[in-house]
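Chain and residue survey
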Amino acid sequence: MRRPAALLLAAGLAATAATAAEPPRGRHDGRFCVTVAEAAPDCGPVQVDVLRQSRLRVRVADIVYHLELHSSQLDVVLMHGAMQIDGFVAPYEWIDRALRFDDLEKRTRYELTLTR
């Protein structure tokens, strides 16, 4: 009888931890790293707008990543001004203040870390 209760408690704690990692609404400073294939990561500062817990806008100079998070995948739309230059769907995970996702087709890994 103790085992199902322990499993429920563990599942509840895991769900709480996953929810707690998502940032609150507002503007955040961030660091965005992009790694293509086996190359070293290319990292730099970014401005992150959290529109809702499930929607983020990441600005890198005049390029904007629109991220919409669903339960296990996120939609990525990459814009340069009014022109869409890329788009894909990828699995993601939050680890502390870092959102990680991969574009498997292009062998590219992304990591967005909120620094403040």
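Up top you'll find the structure we're talking about.
This section reports on the structure supplied with the text. Model, not experiment: these values are computed from the prediction.

Rules behind the numbers
Every residue gets a number counted from 1 within its own chain, in the order that chain's sequence is written. Confidence filtering applies because this is a predicted model: local features only for residues at pLDDT of at least 70, side-chain atom pairs given and counted only at 80 or more, and all residues used for totals across whole chains, interfaces and linings. Calculation of side-chain values draws on the structure's entire complement of heavy atoms; hydrogens and water are dropped beforehand. Centre distance within 6.5 Å is the pairing criterion for rings of Phe, Tyr and Trp, where only the six-membered ring of Trp is used; planes under 30 degrees apart are then read as stacked, over 60 as edge-to-face, and the remainder as tilted. Strands here are runs of E lasting at least two residues and helices are runs of H or I lasting at least four, both read from the DSSP assignment and numbered beginning at the N terminus. The buried label goes to any residue with under 20% of its type's maximum accessible area, the exposed label to any with over 50%, and the partly exposed label to all in between, with areas taken from a 1.4 Å probe on protein chains only. Nonpolar cores were defined as sets of buried Ala, Val, Leu, Ile, Met, Phe, Trp, Tyr and Cys residues, with membership established by side-chain atoms within 4.5 Å. Any two residues whose heavy atoms approach within 4.5 Å are treated as being in contact. The term salt bridge refers to a side-chain nitrogen of Lys or Arg lying within 4 Å of a carboxyl oxygen of Asp or Glu.

Some words on the packing of aromatic side chains
Aromatic rings in a pair are described by how distant their centres are and how their planes are angled relative to each other. Considering all chains together, one arrives at six aromatic pairs under this definition. A centroid spacing of 4.9 Å and a plane angle of 70° characterise the contact between Phe32 and Tyr65, whose relative ring orientation is edge-to-face. Taken as a pair, Phe32 in strand 1 (residues 26-36) and Tyr65 in strand 4 (residues 63-69) lie far apart in primary sequence, 33 residues in all. Classification of Phe32 by relative accessible area gives buried; the value is 5%. Taking relative accessible area as the criterion, Tyr65 reaches 10% and is therefore assigned buried. With centroids separated by 6.1 Å and ring planes inclined at 65°, the aromatic side chains of Tyr65 and Tyr110 adopt a geometry described as edge-to-face. Of this pair, Tyr65 sits in strand 4 while Tyr110 sits in strand 8 (residues 108-114); the two residues are 45 residues apart in sequence, bridging distant segments of the chain.

Considerations on the nonpolar core
Ranked by internal contacts, the top residues of the largest apolar core, which has 22 residues, are Val48, Tyr65, Leu67, Leu69, Leu99, Phe101 and Leu112. Elements that contribute at least two residues to this core include exactly strand 1, strand 2 (42-52), strand 3 (55-60), strand 4, strand 5 (73-80), strand 6 (83-95), strand 7 (98-103) and strand 8. Tallying contributions element by element places strand 6 first for this core, with four residues. In this structure, Leu67 is in contact with Ser54, Arg55, Leu56, Val58, Leu74, Asp75, Val76, Leu99, Phe101 and Leu112, ignoring residues within four places of it in sequence.

Observations regarding the pattern of salt bridges
Across all of its chains, the model carries seven salt bridges by this definition. Notably, a salt bridge pairs Arg27 with Asp49, separated by 2.8 Å at the nearest N-O pair. Of this pair, Arg27 sits in strand 1 while Asp49 sits in strand 2, placing them 22 residues apart in sequence. Look at Arg27 and you get exposed, because its relative accessible area is 54%. Taking relative accessible area as the criterion, Asp49 reaches 9% and is therefore assigned buried. Ionic pairing is found between Lys106 and Asp86, a salt bridge with its closest N-O pair at 3.3 Å. With Lys106 in the loop between strand 7 and strand 8 and Asp86 in strand 6, this residue pair connects regions lying 20 residues apart in the sequence.

Take it as geometry only, folks, not as evidence of what the structure does.
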